[in-house]
Amino acid sequence: MTGWQSLWLAAGIAGFAPAGASTLEVRLSNSSGQAVEDAAVVLELPSGTPPLRQARAVIQQQDREFMPYLTIVQTGTSVEFPNRDPFKHHIYSFSAAKTFEIKLYAGKPEKPVVFDKPGKVVLGCNIHDWMEAYVLVVDTPYFAKTGSDGHARLDKVPPGEYIMRVWHPRLQADLAVRNITLGQTPISLALQASIPPRVSRPKSPINGDSY
Amino acid sequence: MTFSSLRNRITVIFVGLLGLVMALILIAVNRSGEHIISAELERELSAGAKIFERLVKQNQNQLETTAAVLSADFGFREAIATQDQPTILSVLRNHGSRIGARVMMVATLDGNVIADTQHPSAAPRPLPFSDLLGVAETQGRSSGFAPMADGRLYQLVVVPVQAPVRIAWVVMGFPVDDQWTQEFSAMSGLKVSIVRSAAQPVMLASSLPDELRADLVAGFDQMRQFQPQTLSLAGQHYQTLALPLGQHAVVVLQRQVEESEAPFLALQKMLWAILVGGVAVFILGSVWLAQRIARPVSRLAEAAQRLEGGDYAGPIHITSRDEIGQLATGFDRMRERIAEREQRILKLAYADTLTGLPNRTKFLEELARLTPETPAAIAVANLDRFRLINDALGHAVGDRLLIEVSRRLDAMPGRPGLLARLGGDEFAFLLPATDAEGASQFAKRLLTVLREPVLLDGQRLDVDASMGIAFFPTDENNAAILLRRAELAMYTAKKQQRGFALASASDVSQPPEQLSLIGEMRDALARNEFTVFYQPLLDLRSGTVNAVEALIRWQHPERGLVPPIRFIPFAEQTGFIREITPWLVATVMTQAATWRASGLELAPSINISAVDLLNIGLVEMVKHHLASHNMPPEMLCLEITESALMEDPELALEHLSQLAACGVQLAVDDYGAGQASLAYVKTLPVHKLKIDQLFVRSLAESGKDAAIVRSTIALGHALGLQVVAEGVETEADLLWLREAGCDYAQGYWIAKPMPSDQLPNWLSAWKLPAMTEQTTPASGMI
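Residues numbered from 1 in each chain as written. Chains lettered and ligands numbered in written order. Predicted model: local features only at pLDDT ≥ 70, side-chain atom pairs only at ≥ 80, totals over all residues. Heavy atoms only, no water.

Look at the link from Met67 of chain A to Pro68 of chain A: it is a cis peptide, with omega at 0°. The topology assignment puts Pro68 of chain A in the loop between β6 (65-67) and β7 (70-74). At the junction of Ala163 of chain B and Pro164 of chain B, the peptide bond is cis and its omega measures out at -20° in the coordinates. Assignment of secondary structure puts Pro164 of chain B in the loop between β5 (153-162) and β6 (166-175). (Helix = DSSP H or I, 4+ residues; strand = E, 2+ residues; numbered from the N terminus.)

Attention now moves to the side chain of Gln256 of chain B. Residue and element names in this part refer to chain B. Within the secondary structure, Gln256 is located in strand β11 (residues 249-256). Residue classification places Gln256 among the buried positions, given a relative accessible area of 13%. A distance of 3.1 Å separates a polar atom in the side chain of Gln256 from a polar atom in the side chain of Gln236. What Gln256 contacts, discounting residues up to four positions off in sequence, is Leu41, Gln236, His237 and Tyr238. (Buried < 20%, exposed > 50% of the residue type's maximum accessible area, 1.4 Å probe, protein only. Polar contact = N/O pair within 3.5 Å; in protein donor to acceptor, adjacent residues only side chain to side chain. Contact = heavy atoms within 4.5 Å.)

So, on to the interface of chain A and chain B. Opposite the 13 residues of chain A that make contact, chain B presents nine residues. Carbon and sulfur atoms make up 61% of the area that chain A and chain B hide from each other, which totals about 960 Å². On the chain A side of the contact with chain B, Tyr92, Phe94 and Asn126 of chain A bury the most area, a combined 54% of that side's loss. Our count for the contact surface shared by chain A and chain B stands at zero salt bridges. Along the contact surface separating chain A from chain B lie two residue pairs in polar contact (both at pLDDT 80 or more). Counting only elements with at least two residues in the side of chain A that touches chain B, the list comes to β9 (89-95), β12 (119-125) and β13 (132-138) of chain A. (Buried area = accessible area lost by both parts, 1.4 Å probe. Salt bridge = Lys/Arg side-chain N within 4 Å of Asp/Glu carboxyl O.)

To continue, consider helix α10 (residues 386-393) of chain B. It helps to recall that an α-helix has 3.6 residues per turn; residues three or four apart then point in one direction. Residue and element names in this part refer to chain B. Residues of α10 that are buried: Phe386, Ile389 and Asn390. The buried side chains of α10 occupy one side of the element, clustering within an arc of 100° when seen end-on. The outward face of α10, more than 90 degrees from its buried face, is lined by the exposed residues Arg387, Leu388, Asp391 and Ala392. Of the surrounding secondary structure, the elements contacted by the buried residues of α10 are β12 (376-384), α11 (395-410) and β16 (459-461). (Arc of directions from axis to C-beta.)

Residue and element names in this part refer to chain B. Size it by volume and the second largest pocket reaches roughly 1600 Å³. Around the second largest pocket, the lining comprises 47 residues; the ones closest to its centre are Gln162, Pro164, Val165, Arg166 and Ile167. Looking at the lining of the second largest pocket element by element, the count peaks at four residues for β6. A class-by-class count of the residues in the lining of the second largest pocket yields 27 nonpolar, eight polar and twelve charged. (1 Å grid on protein atoms, 1.4 Å probe; cavity = no way out; pocket = protein on both sides within 12 Å on 5 of 7 lines; lining within 4 Å. Points joined across faces, edges and corners; volume = space filled by probe spheres on them. Nonpolar A, V, L, I, M, F, W, Y, C, P; charged D, E, K, R; others polar.)

We now examine a negative patch on the surface. Residue and element names in this part refer to chain B. A cluster of like negative charges, contributed by Glu572, Glu647, Asp648 and Glu650, occupies part of the molecular surface. Turning to its location among the elements, Asp648 is positioned in the loop between α19 (642-647) and α20 (649-662). Looking at Asp648, the relative accessible area reads 31%, which means it is partly exposed. (Patch = residues over 30% accessible without salt bridge, like charges linked within 9 Å, V, L, I, M, F, W, Y side chains within 5 Å. Areas by Shrake-Rupley, 256 points an atom, 1.4 Å probe, with all protein chains shown as cover. Lys, Arg positive; Asp, Glu negative; His and termini not counted. Charge placed at Lys NZ, Arg CZ, Asp CG, Glu CD.)

With that settled, the discussion passes to the packing of helix α2 (residues 74-81) of chain B against helix α3 (residues 85-99) of chain B. Residues and elements named next belong to chain B. Where α2 contacts α3, the two axes come as close as 8 Å, and the packing angle between them is 145°. In the crossing of α2 with α3, the sense of the turn from one axis to the other is left-handed. Where α2 abuts α3, its residues Phe76, Ala79 and Ile80 lie against Thr87, Ile88, Val91 and Leu92. When grouped by side-chain class, the residues that make up the contact of α2 with α3 number six nonpolar, one polar and no charged. (Axes fitted to C-alpha atoms, helices over the stretch in contact; angles between N-to-C directions. Left-handed = near helix turned anticlockwise from the far one by under 90°.)

Before going further, it helps to spend a moment on the packing of aromatic side chains. Centre distance and the angle of the planes are the two values used to describe a pair of aromatic rings. Residue and element names in this part refer to chain B. This structure, assessed with the given rule, holds 19 aromatic pairs over all chains. Centre to centre, the rings of Tyr534 and Trp595 are 5.0 Å apart; their planes meet at 70°, and the pair counts as edge-to-face. Of this pair, Tyr534 sits in strand β19 (residues 530-539) while Trp595 sits in helix α16 (residues 577-597), and the two are 61 residues apart along the sequence. Both residues of the pair, Tyr534 and Trp595, count as buried. Between Lys362 and the ring centre of Tyr350, over which it is positioned, the NZ or CZ distance is 4.9 Å. Over the ring of Tyr744 we find Lys688; its NZ or CZ atom is 5.7 Å from the centre of that ring. (Phe/Tyr/Trp six-rings, centres within 6.5 Å; stacked < 30°, edge-to-face > 60°. Lys NZ or Arg CZ within 6 Å of the ring centre and 35° of its normal.)

Quick look at the sheet that holds β13 of chain A now. Residues and elements named next belong to chain A. The five strands lie next to each other as β7-β13-β12-β9-β10, forming an open sheet whose pairing is mixed. The open sheet is flanked by β7 and β10 (98-105), the only strands paired with a single partner. With direction set aside, neighbouring strand axes in the sheet form an average angle of 20°. In the sheet, β9 pairs with β12 via two bridges, with the strands oriented antiparallel. From the neighbouring strand, Ile91 faces β12, where its bridge partner is Cys125. (Pairing = 2+ DSSP bridges.)

The predicted coordinates should not be examined in detail at positions where pLDDT is low. Per-residue pLDDT for chain B averages 84, and the proportion of residues at 70 or more is 95%. Scored below 50 in pLDDT, residues 771-782 of chain B makes 13 contacts in the model with residues more than four places away or belonging to other chains. (pLDDT = per-residue confidence, 0-100.)

A few words on the sheet that holds strand β2 (residues 112-116) of chain B. Strand pairing within a sheet occurs via backbone hydrogen bonds; the two strands may be parallel or antiparallel. All names here are of chain B. The sheet built from six strands is open, its strands ordered β3-β2-β1-β6-β5-β4 with antiparallel pairing. Here the strands that pair on one side only, and so sit at the sheet edges, are β3 (125-126) and β4 (142-147). Examined bridge by bridge, β5 and β6 share nine bridges and lie antiparallel to one another. Note on β6: the bridge partner recorded for Tyr154 is Pro175. Relative to β6, α2 is tilted by about 115°, and along the sheet it contacts β1 (103-108), β5 and β6. Helix α4 (residues 130-139) rests against β4, β5 and β6 of the sheet, and its axis sits at about 175° to β4.

What follows is the structure, encoded as structure tokens:
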């Protein structure tokens, strides 16, 4: 497996909480202690069907970039791809979880794209080679991604046993897969992993070109 | 010939210099040519290497660009993402054929080839160039050279397919074959060969023709990478540079040396042609020039030779105005000047400086030119008493006198022939075709001319002359002897105060052999050919012989005994007597000493000439000999003739006085035949008078002679002198003389002059027959 993991449980694993909401906080940093953004923390039910949360996601194209970089959606979620740029984009993905393309459009496409299979989807733009974004489709409504401070907070999670997966787009495999039991007490986890930095590929200059 | 060598020298020097310069040029061109060629080769190789690298890069860029375009193609990416192999292959082919790439592959991220246009239906297999792949993974893309399964080398690029992240690799490539190398060769101008470096090097591709490839492979092991070196392929030389090509191969870049050399060889050939042509032209040119220089010079040399030989005629015809022309002009002027000067010198040589008349040399020359067909008379004139005038009035006056005389002589009317001044106060005339009568007339005219007194500074100078005339060829053939005879005739005329005399008529006739005798005298003295004879003097009172007269004789090897009359006068005239007399004195004294030693007391008498008498060293010489022979001065008697005394009476008197003061006896010889005056004789410190034989010889017959002799005896006795009679030839003479009271007698009747060795015998044998009648007191010397 690619990637390193070291798992470290802080004190505070308490007993079971009564029925209510649990909270999981994960903080991810890389080997030099810096916060790692855009890591997905997912709590999967070991069995059974999870409740479906009808949610919508939006991945916009602005300044010739996908925003956000990582989007986590539950299977079946529709994702909209509004084009906020003054020129057209041609979005595509060849990922097995969702192969689609939206050719040369401006503004908002008529229909959102439904991601109906779990898995990792890589998005690209045919016109702008450097544009990339990820969509992680999961079978659970309980997920969060780390922000710029490296924190991800999962709230109102029914206590119980879960499988926690932590994944980063720049890693092939999950960087952590753990059984975790959530109770009354919130759990904070601090994880460390060696994540390759985001390579910003050169953008062609905007002046003189109008594509 | 000296001039051909001058011409040759000029030619050789010019041509040699040209050859030297051309040789230097050739050498320099050669050297620099070699440098240039090798620098050129190096430059071409390095330029070619750079071009090669650039072309390889260009190829690579082209591959990368095409592969990049391909890998960005949406349909292609979609085909790869969806594993649509046919589509992948068709897109690969489409793009690859645009640039002629033979290798077109797609590989997965883990290095498996999933599409290969060369093997379209092959199963996935690993990419055969893992090193290229490794580089591509770290650096994003890679390019290089790698061999493939078919053993050939390919130029490859590996480019990622991004969708949008890397999903696959595209590999594109060109085969490195002969076409590939030929394209490079055409563009770089070098021969390109690709050799796989292995234990056995293999030529993978080359732009060389087949026959050279084997040699290249053979020489492959000697090649050092990055270092240019020379390789020989099939006899031709290639400057070679080997560079690595990827990890598996070496590219060998070559430039044929002969190609680079070609322009220089052409230049060299041209230089040689110029050299040869130039040398030929130069030779011709310098020969011509040398000729132009040497010919006038040789003409000048010829002219110089002519000049040397005395030929002053003939100007030199050199008309050029260059330096040689100037030389010729100067030479010509010099020739004229030399001719002029020679004329002047000749004139001077033949002219007497004082009077301007022709001189002795000229006169003799003219004389020598006479032939029997051109008879002539020569007259020699001498001024009388010139020496007296010179001594009395000084040389300046004497010179002016001579000038005046010469002027007069020159101005003589009707003077035919040549007038010359022979020297001193002697003049000579050459009178062509003149007989004795004409010559005599001429002589009389001349003497008349000269008898006119000369007026100098108001002083009247009486000049008189004596002339001697001789005739060519009647008197003499030889010019010098003829002149001498004329001179002698002149002396005779002077002596006899006759004015002029003819040579034939003068007493002194000189047979030809006489003159050679004069020359031989000097040798004779050296060779002891002179000898002394002695004639006894008879003392008439005692009847004994106690004195002898020494007479010189010449024992000539050819002519026998030469009497003194034949050579003594000339000895006196030439002054040679001054060498004879001391010898005579020494010889005689030696002899007398010898006689004395053996008991014979004979007092010698020696004849002294005028020259001896006037010689300043006479007295010293006599004294010296007296001393060295230990002879009492009274035993020596010196005889001097009257005429000798009259030459310079004062000086004669001086010397005689000195001699007498020493004790030497003095006698006046040939008394009565000379010009001595009694008044003079009276003053002389002499002791004896010798009566000339003229008077004694005919004593018995001639009453006049007898009277003269008798009175001379009386005179002598009266003056206190002894009297000697010379030339006693008969007994009667002897008796007469004895009876007349003469003191001494000498003559053939008593004894002829005899050699010294005969004298003692004669003395012992001799008796005075008629002396028995008279007894003489005392003196008993035998």
